[in-house]
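The chain contents come next:
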Amino acid sequence: MEKEFDPYLRIDDVTVDRSDAAMLRAIDDRGSLSGAAEALERSYPRLQQRVVELEDAIGPLVERTRGGAGGGGSSLTDRARDLLARFDRLVAAYEGVARVDETVLSGPVVDWDGELATVATDAGEVLAVVPSEAAAASVTIRSDAVSLHAPEDVPRAEGTSVRNRFPGTVAWLEAGDAVARVGIDLEAAEDGGAELVALVTRRSVDALGLEPGRSIVASVKATAVRGVEDRGTDGD
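The structure presented is a predicted model; accordingly, all values stated were derived computationally and were not measured.

**Observations regarding the overall build of the protein chain**
- Assigned secondary structure in the protein chain consists of 5 helices and 14 strands.
- Within the protein chain, the fraction of its 236 residues that count as buried is 42%.
- Nonlocal contacts in the protein chain, meaning residues at least 24 apart in sequence, comprise 59% of its contacts between residues at least 6 apart.
- Carbon together with sulfur atoms contributes 44% to the accessible area of the protein chain, which is approximately 13100 Å² in total.

**Here we look at the packing of helix α1 (residues 18-30) against helix α3 (residues 44-58)**
- Contact geometry of α1 with α3 gives a least axis separation of 11 Å together with a crossing angle of 105 degrees. One element, α1, and the other, α3, form an angle in the roughly perpendicular class. The residues of α3 that touch α1, namely those facing Asp 20, Met 23 and Ile 27, are Leu 47, Arg 50, Val 51 and Leu 54.

**Some details on the sheet that holds strand β10 (residues 164-175)**
- Spatially, the 5 strands line up as an open sheet ordered β9-β13-β10-β11-β12, and their pairing is antiparallel. A strand with exactly one partner marks an edge of an open sheet, and here the two such strands are β9 (147-149) and β12 (195-201). For this sheet, the mean inter-axis angle between neighbouring strands, taken without regard to orientation, is 45 degrees.
- Strand direction decides the pairing type here: strand β11 (residues 179-186) and β12, joined by 7 bridges, are antiparallel. Opposite Gly 183, over in β12, you have Val 197 as the bridge partner.

**Comments concerning the side chain of Thr 121**
- Within the secondary structure layout, Thr 121 lies in strand β6 (residues 116-121).
- For Thr 121, the side chain forms a polar contact with the main-chain oxygen of Gly 124, separated by 2.7 Å.
- Setting aside residues no more than four positions away along its own chain, Thr 121 makes contact with Leu 105, Ser 106, Gly 107 and Val 126.

**Focus: the pairing of strand β1 (residues 8-11)**
- Alternating residues of β1 divide into Leu 9 and Ile 11, all buried, and Tyr 8 and Arg 10, none buried.
- In this sheet, strand β2 (residues 14-17) lies alongside β1 in antiparallel orientation, the contact comprising 4 bridges. If you follow Tyr 8 over to β2, its bridge partner there is Asp 17.
- Connecting β1 to the next strand, β2, in antiparallel fashion are 2 residues, including Asp 12 with a positive phi near 55 degrees.

**Focus on unusual backbone geometry**
- With a phi close to 55 degrees, Glu 41 is a non-glycine residue in the positive phi region.
- In this structure, Glu 41 sits in the loop between α2 (33-40) and α3.
- If you check the backbone angles, Glu 133 has positive phi at about 70 degrees while not being a glycine.
- Mapped onto the secondary structure, Glu 133 falls in the loop between β7 (124-129) and β8 (136-142).
- Given the relative accessible area of 77%, Glu 133 is considered exposed.

What counts, and at which threshold
Residues numbered from 1 in each chain as written. Predicted model: local features only at pLDDT ≥ 70, side-chain atom pairs only at ≥ 80, totals over all residues. Heavy atoms only, no water. Helix = DSSP H or I, 4+ residues; strand = E, 2+ residues; numbered from the N terminus. Buried < 20%, exposed > 50% of the residue type's maximum accessible area, 1.4 Å probe, protein only. Contact = heavy atoms within 4.5 Å. Areas by Shrake-Rupley, 256 points an atom, 1.4 Å probe, with all protein chains shown as cover. Axes fitted to C-alpha atoms, helices over the stretch in contact; angles between N-to-C directions. Parallel < 35°, antiparallel > 145°, perpendicular 65-115°, else oblique. Pairing = 2+ DSSP bridges. Polar contact = N/O pair within 3.5 Å; in protein donor to acceptor, adjacent residues only side chain to side chain.

Structure, rendered in structure tokens:
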């Protein structure tokens, strides 16, 4: 019988596997370590010890609040959510259902912020890493670098690297067992023909209620968007 692949991430001296991902998701769902331990039928002291081991290697993963009128609780940090996203992409790659699509947008460079250039494309302005002194660029957005949000839950751009925002509508959805490819018609596209493809987990599909016609906002870190000089685009 073929052995099932057990994906893991190696970070310093700690290995993050499926059980760790399930633990973090249970903490997120139940709002506490004790609730997660109960849901997973695991010992609370061992679960707590595992969180400490992971945090020693990775950094803060769980924010804990104490007492108060509503009682204490726990929630995941942004670092923990990034870790889960990395793990999901690893699982998807090995399960063979995660074809990575690339969306290419082109336009003149209209502003610079250090190594980051603002490229005016048909789908709106895109902040990307572009070769210095380029007058125009073609930028590539990989589907596994795209995050999706409900319009009312879009994270603030100030002070973060997640500065690219693309409002749009779900055009199609292709779901596998673990992940899904989502095609998004971008609102800012002048000819209505620009489409961005996102690779998300089935968990996100359910949480966001993704289906054709659903309004959605895609976000991409500026540092995850790479551009090359486009000599065929007029930069004037």
